[in-house]
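Architecture at a glance
So the chains spell out like this:
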Amino acid sequence: MKKNKLLSTLFLFIFSVVFSQVKISGVVKDNQNQTIPFANILFVGSTTGTVSDENGAFYLESEKNYTQIEVSFIGFETKIVSIKSRDFDLTITLEELAAQLKEVFIYSGKVKKKDNPAIAILKKIWAKKRQNGIYLFDQYEYEKYEKLEFDLNNVDSVMKKSKLFKGMEFVFNGVDTSRITGKAFLPIFINESVYKSYGTNKNGKGFREDLIANKNSGFESNQNVIAFIKDLYVDYNIYDSYIKIFDKSFVSPISKASGISTYNYVLTDSAFIDNKWCYNILYYPRRKNELTFKGDFWVNDSTFAVKEINMQASRSANINWVKDIYIEQEFDVLNDSIFLLKRDYMLSDFSFKKKEKAKGVYGRRTTMYKDYDFNKEKGAKFYNKEIDIYDVGIYNKNDEYWDISRQEKLNKNEEGIYKLLDTLQTVPKFKRIYNLVSILGSGYVEFNNFDYGDIFSTFGKNDVEGWRLRVGGRTFLGGNEPWRLQGYTAYGFEDQKFKYGLSGKWMVNPKSRFIIGAGNRRDIEQIGVSLTTTNDVMGRSFASSTLFSSGDNTKLTNINLSNLFLSIELKKNLELRLGASYRTLESASPDTFNLDYWIDKAANIKKSTSIQSEIDFSIKYTPNRKTIGYGVERNEVTDTYSTLFLNYSRGIKGVFNSDFEYQKVQFFYRQPILVGGFGRMFTTFEVGKTFGEVPLGLLNVVPGNQTYFTIENTYSNLNFYEFITDTYASLHIEHNFNGRFFSRIPLLRKLNLREIVGVKGVWGEISDENLALNASTVNYIAPTKVYYEYSVGVGNIFKVFRLDFSWRGNYRNVPNATNFAIKGAFGFHF
């Protein structure tokens, strides 16, 4: 999904008139010709203004015809500057205040905390923040309109003449100018949604949001693009201590926990807004390279509720592929005292570089609220009920409906986007570029009703097969089809054997997601690379997909697995699954490794092939998981959700010559945790037990990692089959500080590196009965004394690479122990 996000951004980057009365831009400097960051620029006689960025640059526009601006900054004289309707590249020089006045005011950009009137007002905001808006009512409801747009920005004559757009020059007829940055942009995508939202603060909070209508411009069939777009639908509350954007926790300028230690605050103005007397407070970060904003907000003088706020992320913030983030919110007044969110606007500038003229893609989200209603009694069952999002009526509303339901009208260019994509679909060059980026994003080459792939699994290498060639495909009828068939075949040039896998799924009931599936796979696999196991026929083989490994890589298994399953989603993200499977296991390299077990040890009779029939029942719960699409297979929007998985399986002896009778219980829990300004932690806990006598192929092998890459939920310093258990408990903890400490080290600050620390531990035991059954080449050792290892890492190297250094905490003197390892991983992260 992370790879898909970046490639979807690349897609939007490649594809990608109403004028305001006044547009100005420029830079603010001091009399030493040094730029002044975070200066306040305001149209004289208005509350419309902005704050210069870290390089002193600013852009400001208005539909009204202003002739002067006021420029101010702490420690400098306020300056009034006359302007023209189109005044660009202004250089405004501020004079420092006299020394005696600088002692009275504040100097050097650092604001004193003591006796600061802005902080006094901020404390009153904290005291009353739960006494405003929807928090005042037991129950509430409102209608929400959401508009998401993507635009190709920094459009210039060079881009228009580029060979890339030859034959598609007509797209530039829709070029517009951003009111936030002043850059020319070309609208290329729009998605509109209407929701009816309900909430309760009574007896615990509850929330329900019904999608009433949805419309978008031409990407219906590209699930990866839409999934990326949906990931931008983040909810944030300015009154929270941290605002989560792109999985990063930015310190809110209203934060009680960290605001004063993170920001400078300056009381700059006061004025009437909607007949309410309000104070204007300017804020900007105390330090660079942290996840912070700059901007200002207006706060009412009696309720101390925020009336308007704008927030622009510091460009030096440690976040990849995003040059700028801008947020503004407006609140409405109800009954002279209650402030309710009226409009929420967010702009993100996605770019591979943070230089001012670097080209990129704007992602703009506008959310508007109306028809608030309060204290209409609704029971708990109401908030648990979900509407049928598969209702085609949601996606087929007519133009008359949208004309009425939009809370702000589309401008001429936005209206043209719906026609633009239809026209581009007829241009051969556009179709070729679209197909190329779609292949890179999904891993599949599209044909009529069929996809070839996954192309990223085409080549592999291991000690048994040597080089391996794999080809495969799947049916594809647009992405929301109720059934799917997929399969592959592979050939190993060393063992000169063909392998294959086939599977099919059919969603019988879309509303409950009742699915029937079956499949069969005959292949080579590295078993024991995960403590929690499933019977997924088409799962990617650990053995065949890796090109680089260390040590002995011959402990591979020939597997013949067939399965049949039924699954149903009782409620959103709660899946129940019942399945049956049949498998045979035998060594793929008998000369170096075997899975033998004793039939009669006294008579020296043993068996090398395991035959097993099994039934299983599992419950999987993924709260807050977001998906896109409604077919038998869906794409995930993000991976920042919890996962709880409970599985019970029973081996049945005698069915189809099955060898063993046993029961197995496994539990898996994965939890991402955002730790405010200290980054994000991932914890994974696994526990399980096998009841009964089983051979090596059916035991729980602690997953080692003999590759050169960091792999989640494996132990970097363990070899394959180093620990064997039938009872186990495992805990993995990894924390990414997102550059919290590197950002404070001058020589490392500009590199935007990120600190990663981790610790892993596993306990397990093996029964005497399973020890006695073993006749394999593997000597069973269980970590009865908890095995642990710990690591430190550096992430975001060149934005795409991380390097981990791990140490074995104990069991250091066992034969062939790897006491220290260096591994890396590639990935795309914001």
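What comes next is a walk through the structure. (Residues numbered from 1 in each chain as written. Predicted model: local features only at pLDDT ≥ 70, side-chain atom pairs only at ≥ 80, totals over all residues. Heavy atoms only, no water.)

1. Here we look at the overall build of the protein
In terms of regular secondary structure, the protein is built from 13 helices and 44 strands. Here the protein has a C-alpha radius of gyration of 30 Å; the compact-globule value for 830 residues is 28 Å, and the two agree. Each principal axis of the C-alpha atoms in the protein carries an extent, and together these give about 100 × 60 × 60 Å. Taking all 830 residues of the protein together, 56% fall into the buried category. With an accessible surface of roughly 37700 Å², the protein has 55% of that area assigned to carbon and sulfur atoms. Across the protein, the 109 positively charged side chains and the 94 negatively charged ones have centroids separated by 3 Å. (Helix = DSSP H or I, 4+ residues; strand = E, 2+ residues; numbered from the N terminus. Rg over C-alpha atoms; globule rule 2.2 N^0.38 Å. Buried < 20%, exposed > 50% of the residue type's maximum accessible area, 1.4 Å probe, protein only. Areas by Shrake-Rupley, 256 points an atom, 1.4 Å probe, with all protein chains shown as cover. Lys, Arg positive; Asp, Glu negative; His and termini not counted. Charge placed at Lys NZ, Arg CZ, Asp CG, Glu CD.)

2. Quick look at the environment of Val22
When you line up the elements, Val22 lands in strand 1 (residues 22-30). Among the residues examined, Val22 registers a relative accessible area of 0% and is labelled buried. In contact with Val22, not counting residues within four places along its chain, are Phe43, Leu60, Glu61, Ser62, Lys64, Asn65, Tyr66, Ile83, Lys84, Ser85 and Arg86. (Contact = heavy atoms within 4.5 Å.)

3. Considerations on unusual backbone geometry
Of note, the bond from Gly453 into Asp454 is cis; its omega dihedral lies within 30 degrees of zero at 0°. The residue Asp454 is located in the loop between strand 22 (450-453) and strand 23 (459-462) in this model. A positive phi angle is found at Asn713, which is not glycine, with a value near 65°. Relative to the elements of secondary structure, Asn713 occurs in the loop between strand 38 (700-701) and strand 39 (724-725).

4. Quick look at the sheet that holds strand 4 (residues 57-62)
Sheet strands line up and pair through hydrogen bonds in the backbone, either parallel or antiparallel. Read across the sheet, 3 strands follow the order 4-1-7 without closing on themselves; strand pairing throughout is mixed. Only two strands of the sheet have a single neighbouring strand rather than two, namely strand 4 and strand 7 (86-94). Geometrically, the sheet is characterised by an average inter-axis angle of 25° between neighbouring strands, direction not taken into account. Pairing geometry for strand 1 and strand 4, over 6 bridges, is antiparallel. What sits directly across from Val22, in strand 4, is Ser62. (Pairing = 2+ DSSP bridges. Axes fitted to C-alpha atoms, helices over the stretch in contact; angles between N-to-C directions.)

5. Brief notes about the sheet that holds strand 2 (residues 40-43)
Taken in spatial order, the 4 strands of this open sheet run 3-2-5-6, and their pairing is antiparallel. Where the open sheet ends on each side, the last strands, each with one partner, are strand 3 (49-51) and strand 6 (79-82). Neighbour-to-neighbour, the strand axes of the sheet open up by a mean angle of 20°, direction not taken into account. Where strand 2 lies against strand 3, 3 bridges are found, and the strand directions are antiparallel. Each bridged residue has a counterpart across the sheet, and for Leu42 the counterpart in strand 3 is Gly49.

6. Concerning the pattern of salt bridges
The final tally for this structure, using the stated rule, is 38 salt bridges. Where Glu192 meets Arg406, a salt bridge forms, and the shortest distance between an N and an O atom there is 2.5 Å. Taken together, the positions of Glu192 in strand 10 (residues 184-200) and Arg406 in the loop between helix 8 (399-405) and helix 9 (412-424) put the pair 214 residues apart, joining distant regions of the chain. With relative accessibility at 0%, the residue Glu192 sits in the buried group. Of the residues examined, Arg406 reaches a relative accessible area of 15% and is grouped as buried. The residue Asp403 makes a salt bridge to Arg406 at a minimum N-O spacing of 3.6 Å. A relative accessible area of 58% means that Asp403 is categorised as exposed. (Salt bridge = Lys/Arg side-chain N within 4 Å of Asp/Glu carboxyl O.)

7. Brief notes about the packing of aromatic side chains
Any two aromatic rings considered together are summarised by their centre-to-centre distance and by the angle between their planes. Enumeration according to the criterion identifies 34 aromatic pairs in this entry. Ring geometry for Phe593 against Tyr721: centres 5.3 Å apart, planes inclined by 40°, an arrangement best described as tilted. Residue Phe593 is found in the loop between strand 29 (574-587) and strand 30 (597-600), and its partner Tyr721 is found in the loop between strand 38 and strand 39; the two are separated by 128 residues along the sequence. Judged by relative accessible area, which is 4%, Tyr721 ranks as buried. When the centroid spacing of 5.3 Å and the interplanar angle of 45° are considered together, the rings of Trp807 and Phe820 count as tilted. Note that Trp807 is positioned in strand 43 (residues 801-808) and Phe820 in strand 44 (residues 820-826), a separation of 13 residues in sequence. Residue class for Phe820 comes out partly exposed when judged on its relative accessible area of 40%. (Phe/Tyr/Trp six-rings, centres within 6.5 Å; stacked < 30°, edge-to-face > 60°.)

8. Considering a nonpolar patch on the surface
On the surface, a cluster of nonpolar side chains totalling about 630 Å² of accessible area is made up of Leu566, Leu578, Phe617, Ile619, Leu646, Tyr648, Val665 and Phe691. For the nonpolar patch, the secondary structure elements donating two or more residues are strand 32 (610-621) and strand 35 (643-651). When you line up the elements, Val665 lands in strand 36 (residues 662-674). The exposure class assigned to Val665 is partly exposed, which follows from its relative accessible area of 33%. (Patch = residues over 30% accessible without salt bridge, like charges linked within 9 Å, V, L, I, M, F, W, Y side chains within 5 Å.)

9. Observations regarding helix 10 (residues 428-442)
With 15 residues, helix 10 should reach 21 Å at 1.5 Å per residue; the first-to-last C-alpha distance of 21 Å fits that figure. Turning to helix 10, its buried residues are Phe430, Ile433, Tyr434, Val437, Ser438, Ile439 and Gly441. Looking one or two places after helix 10, you find Gly443, whose phi comes out positive at around 85°. (Expected span 1.5 Å × (residues − 1).)

Purely geometric stuff here, so don't read any function into it on its own.
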